[in-house]
2 protein chains.
Amino acid sequence: MERKEFRDLASPEEAREAIRSLSLEGGINRVPLSEARGRVLVARLDAELDVPGFDRASLDGYALRARDTFGADEADPADLEIVGEVHAGEEPDVAVGEGEAVEISTGAVMPAGADAMVPVERTTPAGERVQIRTSVAPGDNVMFAGADVAAGERALGPGTRITPRDIGLLSALGIDEVPVRAKPTVGIVSTGDELVRPGEDVASERGEIYDVNSYTIAAGVEDAGGEAILYPHAGDDQDEMERILREAAAECDLVLSSGSTSASAVDVIYRVIEEQGELLLHGVGVKPGKPMLVGRLEESAYVGLPGYPVSAMMVFRTFVAPAIREAAGLPETETATVEGRMAGQERYDEGRLRLMPVGLVTDGDGETLVYPVDKGSGATTSLAEADGVVEVAPETDYLETGESVTVSLFSPDVRPPTLLGVGEDDPTLSRLLDGLDNPRYLSEGSRPGLRRLREGLPDVAVLAGPTDRDVDAEELGSWEREWGLLVKPGNPDRIEGVADLVDEDVQFVNRTTDSGLRSSLGAAVADLAERRDVERHDIVDAITGFDLGLRAHESPARKVLADEAGAGLGLRETADRLDLGFVSLGSQRVRVLVNSDRRSKPGVAELEDALESIATDR
Amino acid sequence: MERKEFRDLASPEEAREAIRSLSLEGGINRVPLSEARGRVLVARLDAELDVPGFDRASLDGYALRARDTFGADEADPADLEIVGEVHAGEEPDVAVGEGEAVEISTGAVMPAGADAMVPVERTTPAGERVQIRTSVAPGDNVMFAGADVAAGERALGPGTRITPRDIGLLSALGIDEVPVRAKPTVGIVSTGDELVRPGEDVASERGEIYDVNSYTIAAGVEDAGGEAILYPHAGDDQDEMERILREAAAECDLVLSSGSTSASAVDVIYRVIEEQGELLLHGVGVKPGKPMLVGRLEESAYVGLPGYPVSAMMVFRTFVAPAIREAAGLPETETATVEGRMAGQERYDEGRLRLMPVGLVTDGDGETLVYPVDKGSGATTSLAEADGVVEVAPETDYLETGESVTVSLFSPDVRPPTLLGVGEDDPTLSRLLDGLDNPRYLSEGSRPGLRRLREGLPDVAVLAGPTDRDVDAEELGSWEREWGLLVKPGNPDRIEGVADLVDEDVQFVNRTTDSGLRSSLGAAVADLAERRDVERHDIVDAITGFDLGLRAHESPARKVLADEAGAGLGLRETADRLDLGFVSLGSQRVRVLVNSDRRSKPGVAELEDALESIATDR
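In this report, we go over the structure that sits alongside the text. Keep in mind the model is a prediction, meaning the values are calculated, not measured.

## Describing helix α4 (residues 238–251) of chain A
All names here are of chain A.
Right, so step 1: Between its first and last C-alpha, α4 extends 20 Å over 14 residues, near the 20 Å set by a 1.5 Å rise per residue.
Right, so step 2: Listing the buried residues of α4 in full gives Met241, Glu242, Ile244, Leu245, Ala248 and Ala249. Angularly, the buried residues of α4 cover 165 degrees about the axis, an arc narrow enough to put them on a single face. Away from its buried face, by an angle of more than 90 degrees, α4 presents the exposed residues Asp239 and Ala250.

## Section: the pattern of salt bridges
Residue and element names in this part refer to chain A.
Right, so step 1: One pass over the full model with this rule turns up 91 salt bridges over all chains.
Right, so step 2: A salt bridge links aspartate 211 to arginine 197; its shortest N-O distance comes to 3.2 Å. With aspartate 211 in the loop between β15 (209–210) and α3 (213–223) and arginine 197 in the loop between β14 (195–196) and β15, the pair connects residues that are 14 residues apart, well separated along the chain.
Right, so step 3: Taking relative accessible area as the criterion, arginine 197 reaches 14% and is therefore assigned buried.
Right, so step 4: Salt bridges sharing common partners tie together Glu242, Arg246, Arg271, Glu275 and Glu298.

## Considering the nonpolar core
Residues and elements named next belong to chain A.
Right, so step 1: In this structure, Leu256 and Val320 are the most contacted members of the largest nonpolar core, which totals 64 residues.
Right, so step 2: Counting residues per element, this core draws most heavily on helix α6 (residues 309–327), which supplies 12 residues.
Right, so step 3: Formed jointly, this core draws a minimum of three residues from each of two domains, domain 1 (12–25 + 184–328) and domain 4 (349–416).
Right, so step 4: Once you skip the residues sitting within four places of it in the chain, leucine 256 turns out to touch Val186, Gly187, Ile188, Val189, Ile217, Val221, Val303, Leu305, Phe316 and Val320.

## Examining a negative patch on the surface
Right, so step 1: Together, Asp60, Glu85, Glu90, Glu91, Asp93, Glu103 and Glu121 of chain A together with Asp193, Glu205, Asp237 and Asp239 of chain B line one region of the surface with negative charge.
Right, so step 2: Its location among the elements puts glutamate 121 of chain A in the loop between β7 (116–119) and β8 (123–126).

## Quick notes on the sheet that holds strand β34 (residues 549–550) of chain B
Backbone-to-backbone hydrogen bonds join strands into a sheet, with any given pair of strands oriented parallel or antiparallel.
Residues and elements named next belong to chain B.
Right, so step 1: Ordered in space as β30-β29-β31-β36-β32-β35-β33-β34, the 8 strands form an open sheet in which the pairing is mixed. Looking at strand neighbours, the two that pair on one side only are β30 (439–442) and β34, the edges of this open sheet.
Right, so step 2: Pairing between strand β33 (residues 508–511) and strand β35 (residues 567–571): 2 bridges, direction parallel. Within β35, the position partnered with phenylalanine 508 by the bridge is alanine 567.

## What about the sheet that holds strand β4 (residues 61–64) of chain B?
All names here are of chain B.
Right, so step 1: Across the sheet, 6 strands lie side by side as β7-β4-β6-β5-β9-β8; this open sheet has mixed pairing. Of all strands in the sheet, those with a lone pairing partner are β7 (116–119) and β8 (123–126), marking the two edges. For this sheet the average axis-to-axis angle between neighbouring strands, irrespective of direction, equals 35 degrees.
Right, so step 2: Across 4 bridges, strand β5 (residues 78–86) lies against strand β9 (residues 129–132) in antiparallel orientation. The residue of β9 that forms the bridge with alanine 78 is isoleucine 132.

## Concerning the packing of helix α1 (residues 12–20) of chain B against helix α6 (residues 309–327) of chain B
Residue and element names in this part refer to chain B.
Right, so step 1: Packing of α1 against α6 brings their axes to within 10 Å, and their N-to-C directions diverge by 30 degrees. Our classification of the angle between α1 and α6 gives roughly parallel. Both α1 and α6 take part in a crossing whose hand is right-handed. Contacts between α1 and α6 pair Pro12, Ala15, Arg16 and Ile19 from the former with Thr318, Phe319, Val320 and Ala323 from the latter.

## Remarks on the relation of the copies chain A and chain B
Right, so step 1: Of the two same-sequence chains, chain A is brought onto chain B (RMSD 0.1 Å, axial shift 0.0 Å) by a rotation of 180 degrees. The transformation just described matches what one would write down for a two-fold rotation axis. For chain A, the residue whose C-alpha comes nearest the rotation axis is proline 412 of chain A, separated from it by 4.5 Å.
Right, so step 2: Of all interface residues in chain A, 100% are interface residues in chain B too; the two copies therefore contact each other through one and the same surface.

The rules behind these values
- Residues numbered from 1 in each chain as written.
- Chains lettered and ligands numbered in written order.
- Predicted model: local features only at pLDDT ≥ 70, side-chain atom pairs only at ≥ 80, totals over all residues.
- Heavy atoms only, no water.
- Helix = DSSP H or I, 4+ residues; strand = E, 2+ residues; numbered from the N terminus.
- Expected span 1.5 Å × (residues − 1).
- Buried < 20%, exposed > 50% of the residue type's maximum accessible area, 1.4 Å probe, protein only.
- Arc of directions from axis to C-beta.
- Salt bridge = Lys/Arg side-chain N within 4 Å of Asp/Glu carboxyl O.
- Core = buried A, V, L, I, M, F, W, Y, C linked by side-chain atoms within 4.5 Å.
- Domains from an automatic or database assignment.
- Contact = heavy atoms within 4.5 Å.
- Patch = residues over 30% accessible without salt bridge, like charges linked within 9 Å, V, L, I, M, F, W, Y side chains within 5 Å.
- Areas by Shrake-Rupley, 256 points an atom, 1.4 Å probe, with all protein chains shown as cover.
- Lys, Arg positive; Asp, Glu negative; His and termini not counted.
- Charge placed at Lys NZ, Arg CZ, Asp CG, Glu CD.
- Pairing = 2+ DSSP bridges.
- Axes fitted to C-alpha atoms, helices over the stretch in contact; angles between N-to-C directions.
- Parallel < 35°, antiparallel > 145°, perpendicular 65-115°, else oblique.
- Left-handed = near helix turned anticlockwise from the far one by under 90°.
- Least-squares fit on C-alpha atoms with pLDDT ≥ 70 in both.

As structure tokens, then:
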């Protein structure tokens, strides 16, 4: 098949232009008032009636002719005859003549002949007569018909984004349905045999993974004021993919595809677009996001997003979301930005615009430090741990530590974490964090925690087991944890310690060298070597799996549970929770060290309180 | 009935305390992932599986043993045997031995025995063998199982407000349902015989008005993160009111009542609360909002809002919305505030905290001017024309012109209008405004327009007809409009001019003296007096209804349409639109004058362009 060639990557501005040239706008909806909040009016609404619709008493009292009260005061009240009464919601059955008054309640219709009213507090009724102890002018204490809004007046203009206050005005006009801009409908088509929708079973052994993009992009579409429609997952079946693409194009204002990076999926998309639409652009000079496609598919706009979740979200946010907002009639986001200083040096060599997800942390002086959040392009958690994006120009080779950068926040209501911690993964710590206001914790292990603390990034580092180097930092608090070998329930292999891993045929699962548990295990191995008077590496080589280290505290336990190993390194707490056997090898202290610069941060004080509470619980 | 007595007004802080002492919290909902955006997580979510769930190839290429590539480069590639292939979504059916490689695609499962992969670009396949032109280390181009998130890791903490990025993380973990804080349910009970729900017919002659508060407060509840439930309108039937209050209390976390100010409605509410709950507070020292009630009704919290819409909304916003937000688990609004200078002097004498709705306008220096928006407590449009609220302390007697004040905006996305105009009500002007970005126009009439322009508030004033005084302001543009008498279709009374209003028995409807049409009519009356050689007031006195002036340009026409008058002052355009007869009395120029200080505002330039376009259309 011949393909339209796109030799050079388009510039980000060309990509924006291409999307702008497509029409994403939906039509007009008529929605009931109860669903009008936040919607955008398409037409001017004029008042069709007066508000109020009648001359209305503003208070409880007496309706009368103002001229009958002229000169009246406390000393010399006017004396009028009460000829009737009118309550709110009643049609007056009486008129006011000279020398007469009508009892009237707040909100009631002014009777014919009356041109003012006097509040009850300034009157003294006595039988059929009332003394009026003040004088009033015509119109006093009366809200005239149309004083609030008059029939024919311009009430709300086109393009108004309807607030609760506007709903008040619409209610007053009796309007119970309004014409609003239809939300642009955005069809989301995911492809790729390896993707499984959340909630279904995933077969990891076949390389299946959960479909991250569909729900994430759908939520992004709704954030931008669009209506997301998820189409059934197409797999890699070319006919099915084509059928779903055409169906989405027929039903939606915009079709977004994402998922498979397989060449065959791209082939189908290319073919359908070239047969039934037009491809405007393939490839943009941004990182991540290079493989973006922009085109037209029948009457619908089309954007192909990269398959990797972080890339897909960054491209969506940068290029697609603004176009959806515009089509929805929403004002351009006044992108909330924050100025900060780079917490470390970053190098670049791509020659493409870099969209760098970053996290924020406030230092001791209240200044904002900015650090990149990047676990690699296949990672899905990166963005959940990021607060915004720094755009690094293609010609920038590096950002210096301390260099000032502008962070565009993911949304105006992003709050930087109150506490940033890095270090060991631990169940007690997880519970402590649950009690804090808005913490962020990067469970990278004890070693990276120590390194990052030395570099001055986090507020606290959480360290477990022996550390290579000492650090000059105050301890905020600590707790003990019992560690050892997690074995099958009932310990059928009768493992009693490290020696059995060396001497018996047991598949062992270790933790990574960043973990404090691994350091303690290393010390135990060294002890055994000394006792046996052999080299340390002789012991290590004899343990099957010692070199294979997993990253998180439950991972080895899960290998044992899944019958993929006979023993794993872990905590007693994990063994109890997962109903595994446990062979204790000792206990180690988990220490929370605080960055001396951050001692006075409220989040640090909050953590200190939480640490004290667990100390006294024991 | 005996009532719990509240002798003194509570302070605003006491009112906040009283509401805080009530529990508004709902329970826990489990919502599907597609509805999780914006909801607040109630519990920590830990990863139940590794992401990715297997060691995953990051690129297309060859999986192999890293040690087989040691020393390989372009000049001296390693030569390996291709023993199979693995695609994404497939279980590998081959293992990699020494000197072997397996073709692998991005995202596929690494086959057993392989510990690294080489991208296809650095290889030269030839039949059953492949040349590897680079050396790699173990782990290169492989994303290990759990590298993104590992089973057992803390994924999201309690209290997280779920963003699209969090939905990405939840998707990756296969979670399709999350436990979130239930939205607090807020029942809205409206009372008062005179209230009619929008969409139904209102009988103005009986003093009926549309129920403004129900939908408005419901929208406010939803803005604050609650779920609003509108109960059927109770009227003033005491049994029905009691039944609905009890039903709402049984079903909701909070019951809000608003509407009738009648003593009998308050009696019912008092009785029900005292029998089945507790009244904590009656009356708060704020204006507007004094008659607020706070209490408990069975298991539900209860707040009674004032009946007047502006009062109800101000009390809701100040006292109730923050409590709903808190119960919904949303962070306290970082109330968006704007500093501005008072556009005029304001006096106060209530000794209560004043919640003053204000509008904003940017002056020529980019500074914000603040002006009160207040058409009286019965008005409903006030808030639609306001941008925020200034809190004026009870001990403040006045605010000076130019005094600095802090405006708390109604919501963080409030944008002050791009153009503020004051003056004549006119259909051509309404159309011009429709084409502008975000204008605000106060149709108070020509006279107030001129006065406000002299005081320096608006960007432009729109004047029609003869003006008493001249103003030193540049004209931005103008148009002609034909004015005269609007009469019944076919002009059955054969009215030919002002003389017929004087000589015949015709009920006439005038405009207010603020209107430019009234000024032109005044000139016509003066002419007639001169021609007849009589005093002007002789003419005026002879016209039935000359002194009754209505505020908006269509109001007299509507009186004629409704058969309540034989002639009304108005425009040819209005007569044509409403199919009325028209007797021309002349034409008048409508002039747009610009505040010299605001000449360079973009909104002014936009209006000038629009004015030019209508000038060339003619």
